[in-house]
Every structure is written in structure tokens, then in C-alpha cells.
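Now for the letters of each chain:
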Amino acid sequence: MAALGLSWVRIGEFAWTHLEPTPGNLSFDWLDRAIEILGGQGLKVILGTPTATPPRWMLDRHPDMLAVDRDGQTRGFGSRRHYCFSHEGYRQEAARIVTMLAGHYGDHPTVQAWQTDNEYGCHGTTLSFSPSALAAFRVWLQERYLSIDDLNEAWGNDFWSMRYDRFDQIDLPNLTVTEASPAHWLAFRRFSSDQVVSFDAIQTEIIRKHSDRPILHNYMGTELGFDHFKLGEGLDIASWDSYPLGFLEDRVTADDDHKFRFMRQGDPDYQAFHHDLYRTVGKGRWWIMEQQPGPVNWAPYNPAPLPGMVRLWTWEAFAHGAEMVSYFRWRQARFGQEQMHSGLHRPDGVEAPAADEIRKVIEELPDRPDVETPVGDAALVFDYASAWGYQTQPQGASFSYFDLVFTWYKGLRRLGLNVDIVGPGFTDLAQYKLILAPGLMAPSAGFLSSLPSFEGTALLGPRFGSRTPDHAIPLPLPPGIPDMDCTVSFVESLRPGARRDLGNAGSYINWSERLEGTATVTLSDGDGFPAVMSNRKHHYVAGWPDDGLVNTLLGTACAAEGIAALSLPGSLRTRHDGMTRYLFNYGPEAERFDGLEIEPAGVAFLSL
Ligand code: GAL
């Protein structure tokens, strides 16, 4: 590792069975030795807490610690993440092993950072319908609503005679005859997110008592189960696990042509979206904890990256402000579930292709100053609670909150803009010339009250302000934008292929809204109905824009704000830090920019 030029190693995240082979018998010798060897080579260790993989004996102690799925089936032992976040006994076990580990390694000179658990939410593990979850949910409800009458009122429980007399009558929202109340589901999702946050807080509190090293967690791509902004408040750095080829097959919504074209490169915007998101979650500090080095094992198809892509992904992360990029994994494992997952070495220890690309990045690094992350050209609001609201009541099979936000993000990237993704608590609007809040379901009072004095361009909607925090339709009717007389009079979802034509400007797809009011109509549909209504430079966008409409609206916004937009060839992406422009060619053929030819999977650095 040292010879390759690496400086950080993450270890121990699944090692509980070795750390404590039988209950109470701790065995740290092997890890002491490993850390000594790594430290002896000048490597720094990120030590993982092993709570994602409790040993088999743990189930003998806590047979009811397993999570239960939505159908009421217990999720068994034999893989990983086999625990329910709400189980008190398991929380204590987690606290116990973290106390031992932090006590032993807290000030070890080689242990320079901590990772809590591993990929919270992975394998659909945020929601658990266990008896422990039920008990904790009732307590959570009582704390949130204080009285059962207030809960009945907030949830609208007169509907279908659903009123409760006491908190201990409330069950989890699965296994109802038909859909449970959306307010019930939304409350359960909020609760489940809070359980992840409080589980993590148990660990961070203990680690901080023993260690002053930074603590982080490795987040995932499109993981919407818990509020990352809230979890991130308790951590020092955000990190995420970036698997561009797996995600393209597994998580990105796109047609076959797109997936075919980018199958060896990954979606050109998906990584960047998460870089920009986790930079905010990490309050400015973020790392890549796991970078895909070659084929993975878990997507429907697992192609090898185009030569050069491991270097490109690494540089793209640095360009977005990553302080560190680490690769998963050092050596491909011969056994177990991930034996088809490549690493920097083959199972026989011989180097795999990624190693050379990493060597190249390490050679290039000294010539490049650390990247700055200036305030972006645009701020795009991302809100986990909105995702939960629309998961609960999508009102259209193609309505995905993530995809709606990502549609706008891709539009901003087509123009070569730097984007900051911000959380729903965002109120510092004045820093930006352009802000976007698509689908923001229940905007905070702070955000709403900052809008009137915001002098830049705001693109709000669709479904902006469409629900209260308890998932009721607000009155007066949405969107409730201050100083804008505009009301959504009805909404409709559109099947794939259907569109609402806005002439040359583009179309609405998936989702469309009818507007009324006296605000200025800035765009109309073919039938003369308002499609965008505006007050000064604040615009309500009454539908899900196709790419053409995104281009139209962003083009107008950039012109109004004097934001210099680029015209980038289709597969080129860029970010700049005021001194250097980084260019990334995601395409399988060479692209030209500013007289420069950039090879497939190539990276270029332009001084500004
Ligand atoms: C992540 C995880 C790793 C490994 C990897 C495979 O989800 O943190 O442990 O499973 O994916 O791509």
C-alpha cells in the first residue's frame, strides 16, 4: 500500500466476530498487529466500528434484535446489517463494543479517523416493523404530538374512523387492509430516520470521550431512508461509496441508449450529484470511502470500466472538493458474497488494472494545488422528508423525488455550472443568484420568509408547498409562495410518453399542474393555460420539465443573473474552483473544448 503511494487505509468495519469471538472475550492482538504494521509504513488508519455485522452469538443473547420487513417476516442472520435500529439490547451491545474499541485505540497515533458502522440503510434496513420499533415509535409519537387528540387532528383521523384513544393503540403502518394514512407513514419514516441518527449518536458520543480524531460515516448513492443532513450534524466529515457502473445499472433512471453508451463510465452526473450533496452534509468536509476500481458483483450487469475511468472518477471527486479518495477494495476476496467484486489486486495478489490508474493520479497530485470550493453558481434544495412524502403518496408511478431533483441538476451541469446542493433548512439565499427547489413538499418557515427579499432567480415547483409536515393539503392551497398570487387548482400525473406541450419552450412530462391567480404568466401551454407564473424573478414551475424545458428555463435564469453558461459537448462535464477548470470526458470518443482534445475517459486541467 505504501509502495503504491496510498496514505489511508480503512479497516475493521465488519470485524466483530474477530474482535469478540465469544461474548465478553475481547481479542485485539491481531488488530494491534495490523495497525502497527500499517503505521510502520506511514499509513493512517480509519477504524470502522463493527456494528453492521454482529456475530452469530449475539442472536443467542438477543433473539428479537433482528429487523422485521414490511410483510412481517423476520430478516435473518447470514449476510449483514441484521439488526433493528430500535432494539434497546442491541443498542447497548453496540455501545459496549464501541466503548472497548475507542478505549483501546482512541489515541493510537496510527488511528487517525473513525467510521461508524457501515452504510446505514443499505439493503433496505432503515425501516423495521419489529416489536422494538413499534414500542419506540409510540414513545416518539407521544413526544412529538403530546396528546392523542393533537395526533388525531394532525393526521386527519376522522377519515375512515381512524381516531385513536391512546398512543399504545397505534400500530406500525404495514399490514393494514389497504393503504395506511399517509400521515401515519410519513411519521413512521421520520421516526425511522431519527432512529438511525440516534443509533449513530450513541457511537459518536462514546468515541469522542476517548478520541479527538474525526468521525465519519460512509453514505451511499440514492439512499433516501434517513435524513443525511441530520446525521451529518453529529459527524466531522461526510464520506460516500461511489460505484458509478453499478449505480448506472441499478439506480439511475435512464433509457437503454444512455445505459449502453455509459455502461463503462457511469452516468456523467450521478457521481457529481452526490459529491455536491455530501459536501454539504459534511459541512464542507467530505471523502470518498469506497471508489469502484473495476467490475462490482451486485448490479444486474457488471462491466469493466473503460481504461482511464478510475483516474477520472478520482479526479472528479477532487474537483468537487474531496479531501481523500479510498478504493474498495485492496484485494478481491476469494470467498463469500463478494468474490466477483474486483479490487486493486486479484485474489492471487497480482495487481488489477485500477492500480496503475491510481499510481498515475498519485504522480499527478503534487502538481495540483488543493481544490477550493467557492460558492456555487446555483443552489439546489434537497429534502429527505419530501422524498418520504412522495414515496408515501406518489400519485403517479413515474413520480420520483430524486429523479425530479436530478433532472434539474443535470440541466445545471449541461451549462457547466457549479452546483451546491443544500438542505431544507437553507435560509442563506442571498449568497446565490439562482436557487431551485423542485418538489419541496413542506418548505420551512425560514426558507419561505427569506424568499421575498431574495433578489436573484428562484425556480420553485412542481409540488412546492404541496403538503403540511403532517402530510395534509395546506390551506390556502399550494404553493403558498409569499408575494405571489398563484394557486394550484388541480394536478395530474402523466403516463410515460404523454406530455403537456409548451411549444418551443419544451414540455411537461410525468407531472403537471393547473394554475390560477393574478401573478404574471411567463409561459403558457398550447391551450393557453398558465404553465409558469412569476413574481419578479421568482417563478412557479407547474410541472416536471423535460430536458428542453429545463434548458429554456435555466437559459433565461442565467441570462437574467449574468451567469456565464458554457456550451459543453454532450459527454463532457466540468467543475472549476476559480483557478482551474477541470474537464471530464465521460464519452467513449474524444471530445473538444476550447481548442483542446480530450480523449475518452480523459481528464483535462485548464488554468483560468
Ligand atoms: C458497499 C459496502 C462494502 C461492499 C461494497 C461492494 O456497499 O460498504 O462493504 O459491500 O459496497 O460494492
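Residues numbered from 1 in each chain as written. Predicted model: local features only at pLDDT ≥ 70, side-chain atom pairs only at ≥ 80, totals over all residues. Heavy atoms only, no water.

A.B. asks: Whenever I open this one, unusual backbone geometry confuses me. Can you help?
C.D. replies: Across residues other than glycine, the phi torsion is negative in most instances, and most of the peptide bonds are trans. Across the junction of Phe328 and Arg329, the peptide omega takes the value 5°, indicating a cis bond. Within the secondary structure, Arg329 sits in the loop between strand S7 (325–327) and helix H13 (354–364). The linkage connecting Pro478 with the following residue, Pro479, adopts the cis geometry, with an omega of 5°. Summarising the element assignment, Pro479 is placed in the loop between strand S11 (457–460) and strand S12 (487–493). The residue His123 is not glycine, and still its phi comes out positive at about 60°. (Helix = DSSP H or I, 4+ residues; strand = E, 2+ residues; numbered from the N terminus.)

A.B. asks: What is the right way to read the pairing of strand S2 (residues 44–48) from this model?
C.D. replies: In regular strands, side chains alternate between the two faces of the sheet. Most of S2 is tucked away, with four of its five residues classed as buried. Relative to S2, strand S1 (residues 8–11) runs parallel, the two sharing four bridges. The partner of Ile11 across the bridge, within S2, is Leu47. One ladder, built from four bridges, connects S2 with strand S3 (residues 111–115); its direction is parallel. Looking at the pairing, Leu47 lines up with Trp114 of S3. (Buried < 20%, exposed > 50% of the residue type's maximum accessible area, 1.4 Å probe, protein only. Pairing = 2+ DSSP bridges.)

A.B. asks: Hey, could you run me through the nonpolar core in this one?
C.D. replies: The nonpolar side chains of a soluble globular protein tend to be buried, and buried together. If you look at the biggest cluster of nonpolar residues, it comprises 148 residues, and the most contacted ones within it are Phe382, Trp408, Ile435, Phe447 and Tyr540. In this structure Ile435 touches Ala379, Phe426, Leu429, Phe447, Leu451, Phe454, Thr457, Ala458 and Leu459, once residues within four positions along its chain are discounted. Counting residues in hydrophobic clusters, the runner-up holds 24 residues, among them Leu134, Leu141, Ile148 and Phe191. (Core = buried A, V, L, I, M, F, W, Y, C linked by side-chain atoms within 4.5 Å. Contact = heavy atoms within 4.5 Å.)

A.B. asks: How should the pairing of strand S6 (residues 286–291) be read in this particular structure?
C.D. replies: In terms of burial, S6 is largely enclosed, as six of its six residues are buried. Direction of pairing for strand S5 (residues 237–242) relative to S6: parallel, over a ladder of five bridges. Residue pairing in the sheet places Asp241 in a bridge with Glu290 of S6. Sheet topology places S6 next to S7; two bridges connect them, and they run parallel. By the bridge assignment, Gln291 is partnered in S7 with Tyr327.

A.B. asks: When you look at the sheet that holds strand S9 (residues 419–422) in this model, what are you seeing that I'm missing?
C.D. replies: Strand pairing within a sheet occurs via backbone hydrogen bonds; the two strands may be parallel or antiparallel. Read across the sheet, seven strands follow the order S9-S8-S10-S11-S17-S16-S15 without closing on themselves; strand pairing throughout is mixed. With one partner strand each, in any of the chains shown, S9 and strand S15 (520–524) form the two edges of the open sheet. When the angles between neighbouring strand axes are averaged without regard to direction, this sheet yields 20°. In this structure, strand S10 (residues 434–437) lies alongside S11, joined through four bridges in parallel fashion. Bridging across to S11, Ala437 finds its partner in Leu460. (Axes fitted to C-alpha atoms, helices over the stretch in contact; angles between N-to-C directions.)

A.B. asks: What should I look at first to understand the environment of Ser128 in this one?
C.D. replies: Relative to the helices and strands, Ser128 is located in the loop between S3 and helix H5 (131–145). When the C-alpha positions of Ser128 and Met65 are compared, they lie 11 Å apart, and in sequence the two are 63 residues distant. Within the structure, the side chain of Ser128 is placed 3.5 Å from the side chain of Ser130, a separation counted as a polar contact. (Polar contact = N/O pair within 3.5 Å; in protein donor to acceptor, adjacent residues only side chain to side chain.)

A.B. asks: Can you walk me through the packing of helix H11 (residues 270–281) against helix H15 (residues 401–414) in this structure?
C.D. replies: Working note: a packed helix pair is described by the angle between its axes plus the distance between those axes. Look at H11 against H15: their axes get within 10 Å of each other, and the N-to-C directions meet at 100°. Here H11 is positioned roughly perpendicular relative to H15, judged by the angle of their axes. Taken together, the residues of H15 that come into contact with H11 (itself represented by Tyr270, Ala272, Phe273, His274 and Asp276) are Phe402, Val405, Phe406, Tyr409 and Arg413. Taken together, the residues that form the contact of H11 with H15 break down as seven nonpolar, one polar and two charged. (Parallel < 35°, antiparallel > 145°, perpendicular 65-115°, else oblique. Nonpolar A, V, L, I, M, F, W, Y, C, P; charged D, E, K, R; others polar.)

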